[in-house]
Amino acid sequence: MSTDGSAVAERPTTSSDPVLYEVSPAGVALITLNRPERRNAWGGALTSTFFRYLEAAEADGRVRVIVITGRGRAFCVGADMGDLDSISSTTVEAAGQTDVTSLVAEKHPYYLTQLRKPVIAAINGSIAGIGLSLALMADMRFAAAGAKFTTSFARRGLVAEYGISWILPRLVGWGAAADLLMSGRTFPAEEAAELGLVNRVVPGDQLLDVTLTYAEDIAVNCAPSSLAVMKRQLYADAGLGIVQTSHSAEQLMHESMQRSDFIEGITAFFEKRAPRFPPLAAHSDDT
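Described in the following lines is the structure provided in the data block. Just so it is clear, the model here is predicted, and its values are computed rather than measured. (Residues numbered from 1 in each chain as written. Predicted model: local features only at pLDDT ≥ 70, side-chain atom pairs only at ≥ 80, totals over all residues. Heavy atoms only, no water.)

Looking at the overall build of the protein
Here is step 1: Secondary structure assignment for the protein yields 13 helices and 10 strands.
Here is step 2: Across the 287 residues of the protein, 47% fall into the buried class.
Here is step 3: Of all intrachain contacts in the protein linking residues separated by at least 6 positions in sequence, the fraction that spans at least 24 positions is 70%. (Helix = DSSP H or I, 4+ residues; strand = E, 2+ residues; numbered from the N terminus. Buried < 20%, exposed > 50% of the residue type's maximum accessible area, 1.4 Å probe, protein only. Contact = heavy atoms within 4.5 Å.)

Notes on the environment of Ala144
Here is step 1: In this fold, Ala144 is placed in strand β7 (residues 140–144).
Here is step 2: Through-space distance from the C-alpha of Ala144 to that of Leu208 is 9.1 Å; in sequence the pair is 64 residues apart.
Here is step 3: Excluding residues within four positions of it along the chain, Ala144 makes contact with Ile123, Asn124, Ala189, Val201, Val202, Gly204 and Leu207.

Some details on the sheet that holds strand β5 (residues 119–123)
Here is step 1: Strand order in this open sheet of six strands is β1-β2-β3-β5-β7-β10, and the pairing throughout is mixed. Two strands bound the open sheet, and with one partner strand each, they are β1 (19–23) and β10 (200–202). Going across the sheet, the axis of each strand differs from the next one's by a mean of 20°, ignoring polarity.
Here is step 2: With three bridges joining them, β7 and β10 adopt parallel strand pairing. The residue bridging Ala144 from the neighbouring strand is Val202, located in β10.
Here is step 3: Lying over the sheet, helix α10 (residues 207–221) contacts β2 (28–33), β3 (65–70), β5, β7 and β10, oriented at roughly 160° with respect to β7. (Pairing = 2+ DSSP bridges. Axes fitted to C-alpha atoms, helices over the stretch in contact; angles between N-to-C directions.)

Printed below as a string of structure tokens:
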């Protein structure tokens with residue numbers, strides 16, 4: 001396997017690797033957290049490898065959509081408590097000097113929102129803490145029926161970390177976000193769907209097939225340039241007023257109509273065929 005942007009994806013992954021990576025012929029990169037014996041706890045080689053694969057998928061011209069999931073019974077149950085043993089065995093003063101970034105995050109979860117390509121989280125099982133923060137920064141979420149969710153921070157003496165206090169109210173509303181953060185309670189995928197936290201709940205044995213089918217439909221039928229601009233709009237416009245976003249969208253619409261993707265999209269529609277959109281240019285200025 002080769003990519004256009006990163007040596008980390010030049011060799012096939014093996015079952016012993018902390019993260020698995022593959023690209024489908026349709027252009028969907030599947031990134032799988034692969035520490036099932038640790039319930040895909042966040043830390044160590046898993047963290048650094050995960051972000052390297054994200055970078056590889058972003059740089060790879062073949063890739064149009066990214067799907068992230070976990071292997072085993074959990075998506076990610078939060079920070080690896082084994083990596084936090086040094087904190088629990090020291091004084092509070094010493095723990096306060098711990099480099100948290102080195103323990104749990106090479107990059108912050110919001111990095112997913114900065115990618116130009118859509119990211120879909122296929123939540124296969126239990127999800128908590130930074131695992132939940134990460135999944136919420138994906139653009140969409142599909143979940144296995146019965147999967148258990150929790151923020152968990154309040155019950156560990158922690159706070160709303162890594163941007164979850166920004167994204168959660170935007171997904172579920174203020175009151176529900178306050179409930180989920182301040183209670184730290186566990187809730188099932190079905191409630192997550194009712195709240196708007198996940199887009200769809202499907203039987204666990206169908207989760208990956210359903211998610212990949214959805215992702216491949218986007219990869220085949222949607223213009224990468226349109227996806228990149230719309231993703232940027234979603235996150236950039238979240239803090240702006242309606243007048244500013246409307247005027248900005250008008251300018252972006254004008255620019256989109258100057259690209260060859262627009263002509264191809266219209267032509268494919270009238271010819272009743274799948275569009276043949278080119279991959280994203282190497283840098284964002286071309287979108």
